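# Observations on the model geometry
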Amino acid sequence: MNAIMTSAIKITRVAQSKAKEVNLHNITMGTRFTDHMFVCDYENGEWHDPRIEPLALIPTHPAAMALHYGQAIFEGMKATLGKDGTPLLFRPEENAKRMNFSADRMGMPSFPEDLFVEALKQFTALEKEWIPTQEGSALYLRPFMYADEAFIGMRAATSFKFIVMASPAGPFFSRKIKLYAEKKYVRAVNGGTGEAKAAGNYAAAIRPTEYAKAKGYDQVLWLDAQDFEYIQEVGTMNIFFKIAGKFITPSLTGSILSGITRMSVIDLLRSKGFEVTERPITISEIIEASKNGNLEEAFGTGTAVGIAMIEEIGNNDLSIKFPVENPVSVMVNDTLNAIKVQDIEDKFGWIVEAK
């Protein structure tokens, strides 16, 4: 069925693209959207009618189950342009796998992974004019799935929509960032939904993030729910520390999102000869490394942010400042960006052409 579906994506184009009306060299992600969207419906136990059509409002019943019971998940991806102008995707098959991991955790149907990738390829090729060309910019792709069945009752829905939309985006952070080590609110616990990319995870993070920003910080550094000691992840990122020449990042213990950029950075660092360890990390360990001079670099990783270098971790009674120079962080950022636009060879096989 999947092979038939991927070859049968119906495309309805807009009469006139709006891409030329937008200044792609100065745009904030999520403020403007491209001409089209990909849509596929789930009913009677199967996905059907895959199509690309003009971006439009979606008719939604007030009793749509996603609005009441939170069956909604999403992915984040970026498309860039290669040397010959071909649109490029970064490891889309990994996003397809993670989407289905999230779907399983949230009681939702899996989406055919070959259709996921093919839909992204056709959709991105169609929206090529919307891909910014300046360094650090890209077309942000947002695949998402939600329960659209009209029913009030606590059970898994039986009908869903899978949609892909896109928004051109400039660099997310143009400077180093400051993190607020949160010791009241928590993001996730083992056995919860923290390792799924579920919409509700982000809703629960909004208020603590606003508090952190009001105190002069950019993002929340989430700690474990029991002791507020073990570092988990940042608001929109996984996190890496360089201590005494070696990199460490929190292990995936069931409450941390398995980032596509995270796994790519681990592979990249190891290919450059760095030791990378995935293990539990305490905030006390970071404080001690700072005091004895072994804390050398820290950065966050994520699709939207790319590589975000960290200036400080603090809260009302804590302040950990990082060195001014970040040579390895810069190398990682520059290398990933260069791979994504084919400035250097993709030795990892991460890039997929969208044509």
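Residues numbered from 1 in each chain as written. Predicted model: local features only at pLDDT ≥ 70, side-chain atom pairs only at ≥ 80, totals over all residues. Heavy atoms only, no water.

## What to know about a nonpolar patch on the surface
- Taken together, the side chains of Tyr69, Ile152 and Met154 make up a nonpolar region of the molecular surface, amounting to roughly 350 Å² of accessible area.
- For tyrosine 69, the position within the fold is in helix H2 (residues 65-69). (Patch = residues over 30% accessible without salt bridge, like charges linked within 9 Å, V, L, I, M, F, W, Y side chains within 5 Å. Areas by Shrake-Rupley, 256 points an atom, 1.4 Å probe, with all protein chains shown as cover. Salt bridge = Lys/Arg side-chain N within 4 Å of Asp/Glu carboxyl O. Helix = DSSP H or I, 4+ residues; strand = E, 2+ residues; numbered from the N terminus.)

## Notes on the pattern of salt bridges
- Tallying each qualifying case throughout the model produces 20 salt bridges.
- Arginine 51 is the salt-bridge partner of glutamate 53, the closest N and O atoms lying 3.2 Å from each other.
- Taking relative accessible area as the criterion, glutamate 53 reaches 24% and is therefore assigned partly exposed.
- Glutamate 296 is paired through a salt bridge with lysine 242; the nearest N and O atoms lie 2.6 Å apart. Taken together, the positions of glutamate 296 in strand S15 (residues 295-302) and lysine 242 in strand S12 (residues 238-243) put the pair 54 residues apart, joining distant regions of the chain.
- In this structure glutamate 296 comes out as partly exposed when scored by relative accessible area, which is 25%. (Buried < 20%, exposed > 50% of the residue type's maximum accessible area, 1.4 Å probe, protein only.)

## With respect to the packing of helix H3 (residues 92-105) against helix H4 (residues 113-126)
- Where H3 contacts H4, the two axes come as close as 9 Å, and the packing angle between them is 130°. The angle between H3 and H4 places the two elements in the oblique class. For the pair H3 and H4, the crossing hand works out as right-handed. Residues Pro92, Glu93, Asn95, Ala96, Lys97, Met99 and Asn100 of H3 form the contact with H4, whose participating residues are Glu113, Phe116 and Val117. (Axes fitted to C-alpha atoms, helices over the stretch in contact; angles between N-to-C directions. Parallel < 35°, antiparallel > 145°, perpendicular 65-115°, else oblique. Left-handed = near helix turned anticlockwise from the far one by under 90°. Contact = heavy atoms within 4.5 Å.)

## Focus: helix H6 (residues 260-271)
- Spanning twelve residues, H6 covers 17 Å between terminal C-alpha atoms, matching the ideal 16 Å at 1.5 Å per step.
- Along H6, the positions that sit buried rather than exposed are Ile260, Thr261, Arg262, Ser264, Val265, Ile266, Leu268 and Leu269.
- One or two residues past the end of H6 sits glycine 273, with phi positive at roughly 95°. (Expected span 1.5 Å × (residues − 1).)

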